[in-house]
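Tertiary structure, described
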Amino acid sequence: MTTMPLILAPMQGLTERLFRHTFHQCFNGAFDYAISPFLSLTHGNLNDAWDKIDDVLPAHNTDSIPVVPQILGKETDEFVALANRLYDIGYHEVNWNIGCPMRRVAGKHRGSGILPYPNEVQAVLDGIIPKIKPALSIKMRLGYYDDAEISKIIPILNQYPIANITIHPRTGKQQYGGSVNLDRLAEILPDIKHPVIYNGDIRTVDQYHAVLHRFPQIAGVMIGRGALYNPTLPSQIKSKTYHDNASSLFIDQLIANIMNLPIPDQGKIRKIKEYWCLLWQSTKATEAQSKIVLRSATLDEVTTAIKKITTFAAN
Ligand SMILES: Cc1cc2nc3c(=O)[nH]c(=O)nc-3n(C[C@H](O)[C@H](O)[C@H](O)COP(=O)(O)O)c2cc1C
């Protein structure tokens with residue numbers, strides 16, 4: 001049984017409270033905590049971030065995986081205001097996203113787009129650390145253009161109190177393509193004085209153990225897509241028991257929870273299909289069978305097509 005914290009990765013549109021709640025219902029305790037999808041300070045506008053606050057309101061997260069809210073942005077005054085509001089509603093840690101690779105984000109030196117500019121990273125930390133009430137953790141990549149960039153960021157991060165740093169060892173330019181650069185991670189790890197959490201491409205228990213074996217100094221592991229390709233993976237890693245048919249039961253529960261959302265059918269269909277794009281891999285469906293779901297037009301057709309597959313998996 002591992003005691004290493006296992007953390008659910010933030011995935012915009014996927015690991016929101018509905019997913020975290022469903023995961024908790026089906027696999028209680030498999031993840032120790034989650035980082036929320038980012039609250040964005042786009043254009044320095046606190047209201048944009050506040051619009052999405054529903055996702056992390058404590059009242060909406062009671063029967064769920066504990067969550068640490070994540071903030072995307074570099075406007076220090078707004079960052080401080082948001083972090084302190086989050087503290088006031090009960091959060092003792094916030095996570096700063098300097099890993100997002102999306103071009104429209106990175107182009108404005110946000111997310112991983114700030115990594116080529118160490119002075120800007122320093123300016124943000126100088127502006128926020130003395131003023132925020134919650135602890136700060138960070139989620140980042142090796143760089144934006146180049147994996148050398150992190151070497152100039154580490155000495156800056158080392159100057160500040162930071163709870164932990166999650167590293168997804170790709171560059172922003174790579175998006176999610178190519179492979180994670182474990183050799184580069186090995187080079188830089190000794191230079192980082194804060195606890196480091198590993199994130200990226202863990203899809204099997206063996207891959208999890210390989211990362212721990214190669215990097216025994218890491219303080220935790222974060223899993224994103226792997227938890228949708230195989231929802232039982234976190235339980236397997238934690239040596240927790242689960243039902244033989246647990247992935248299908250999870251899909252059924254997720255759909256049941258989506259059906260209860262107060263949104264129009266089209267919204268429900270869109271949500272179910274977004275999850276299905278990853279979740280189908282946890283079923284026995286072939287790719288061709290899985291596409292029937294994506295081609296289905298009505299809510300009834302979509303749920304019937306999925307039910308056929310999850311029921312088949314149960315037999
Ligand atoms: C659809 C999608 C949305 C994401 N949204 C966020 C986000 O809001 N904040 C963040 O820090 N990372 C985000 N990520 C990155 C993931 O947290 C994670 O770093 C990445 O998927 C690699 O880990 P994995 O291989 O375990 O999935 C997102 C990734 C995906 C695929």
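What you are looking at is a predicted structure, and each value in this text was computed from that prediction instead of being measured. (Residues numbered from 1 in each chain as written. Predicted model: local features only at pLDDT ≥ 70, side-chain atom pairs only at ≥ 80, totals over all residues. Heavy atoms only, no water.)

Bringing the overall build of the protein chain into the picture now. Scanning the protein chain for helices and strands turns up 14 helices and 10 strands. Its C-alpha atoms give the protein chain a radius of gyration of 20 Å, within 12% of the compact-globule value 20 Å for 315 residues. Based on the C-alpha atoms only, the size of the protein chain along its principal axes is roughly 55 × 45 × 35 Å. Counting over 315 residues, the protein chain shows a buried share of 56%. Sequence-distant contacts, at least 24 apart, represent 74% of the contacts inside the protein chain between residues at least 6 apart. (Helix = DSSP H or I, 4+ residues; strand = E, 2+ residues; numbered from the N terminus. Rg over C-alpha atoms; globule rule 2.2 N^0.38 Å. Buried < 20%, exposed > 50% of the residue type's maximum accessible area, 1.4 Å probe, protein only. Contact = heavy atoms within 4.5 Å.)

So, on to the side chain of His168. Mapping His168 onto the fold places it in strand β8 (residues 165-171). With a relative accessible area of 5%, His168 lands in the buried category. In this view, His168 contacts Met140, Arg141, Leu142, Tyr176, Val180, Asn199 and Gly200; residues no more than four positions away in its chain are not counted.

The next thing to look at is the site of the ligand. Residues in contact with the ligand amount to 18 residues; listed here are only the nearest, Pro10, Gln70, Asn199, Asp201 and Arg225. A distance of 2.9 Å is found between a nitrogen atom of the ligand and a backbone nitrogen or oxygen belonging to Gln12. Of the residues contributing to the shell around the ligand, the split by class is 8 nonpolar, 7 polar and 3 charged. (Near = heavy atom within 4 Å. Polar contact = N/O pair within 3.5 Å; in protein donor to acceptor, adjacent residues only side chain to side chain. Nonpolar A, V, L, I, M, F, W, Y, C, P; charged D, E, K, R; others polar.)

Positionally, Glu93 belongs in strand β6 (residues 93-98). This buried residue, Glu93, is left without a salt bridge; Lys139 holds the nearest opposite charge, at 12 Å. Only 2.6 Å separates the side chain of Glu93 from the side chain of Ser137, close enough to count as a polar contact. In this view, Glu93 contacts Val68, Pro69, Pro134, Ala135, Ser137, Ala163 and Asn164; residues no more than four positions away in its chain are not counted. (Lys, Arg positive; Asp, Glu negative; His and termini not counted. Salt bridge = Lys/Arg side-chain N within 4 Å of Asp/Glu carboxyl O.)

Next up on the list: the domain arrangement of the protein chain. Each assigned domain of the protein chain is listed with its residue range as follows: domain 1 (6-237) and domain 2 (246-314). Relative to domain 2, the C-alpha centre of domain 1 lies at a distance of 28 Å. On the side of domain 2, 15 residues touch domain 1, which itself brings 17 residues to the contact. Where domain 1 abuts domain 2, roughly 1,400 Å² becomes buried across the two surfaces, and 73% of that area is made up of carbon and sulfur atoms. Counting the contacts that link domain 1 with domain 2 gives 1 salt bridge. Broken down by secondary-structure element, the contributors of at least two residues to the side of domain 1 that touches domain 2 are α1 (17-26) and α9 (226-229). Counting residues per element, the side of domain 1 that touches domain 2 draws most heavily on α1, at 7 residues. A breakdown of the residues in the side of domain 1 that touches domain 2 according to their chemical character gives 9 nonpolar, 6 polar and 2 charged. (Domains from an automatic or database assignment. Buried area = accessible area lost by both parts, 1.4 Å probe.)

Looking now at the packing of aromatic side chains. What the rule picks out here adds up to 9 aromatic pairs. Summarising the aromatic geometry, the rings of Phe23 and Phe27 are spaced 5.0 Å apart at their centres and angled 45 degrees between planes, so their arrangement reads as tilted. A relative accessible area of 4% means that Phe27 is categorised as buried. Centroid distance Phe79 to Trp96: 6.4 Å. Interplanar angle 90 degrees. Geometry classified as edge-to-face. Taken together, the residues span a long stretch of sequence, with Phe79 in helix α3 (residues 76-88) and Trp96 in strand β6 at a distance of 17 residues. In this structure Phe79 comes out as buried when scored by relative accessible area, which is 0%. Taken together, Phe19, Phe23, Phe27, Phe31, Phe250 and Tyr275 form an aromatic cluster joined through their ring pairs. Taking the ring centre of Tyr176 as reference, the NZ or CZ of Arg141 above it sits at 5.0 Å. (Phe/Tyr/Trp six-rings, centres within 6.5 Å; stacked < 30°, edge-to-face > 60°. Lys NZ or Arg CZ within 6 Å of the ring centre and 35° of its normal.)

To continue, consider the pattern of salt bridges. Note on pairing: side chains with opposite charge can pair once their charged atoms come close. Applying the stated criterion to the full structure yields 14 salt bridges. Between Asp183 and Arg214 there is a salt bridge, with the nearest N and O atoms lying 2.8 Å from each other. Here Asp183, found in helix α7 (residues 182-188), pairs with Arg214, found in helix α8 (residues 205-214); they are 31 residues apart in sequence, far enough to count as distant. Arg214 sits in the partly exposed class, given a relative accessible area of 39%. Of the charged contacts in the structure, one is a salt bridge between Glu187 and Arg184, with a shortest N-O distance of 2.7 Å. Of this pair, Glu187 and Arg184 both sit in helix α7, 3 residues apart, roughly one helical turn.

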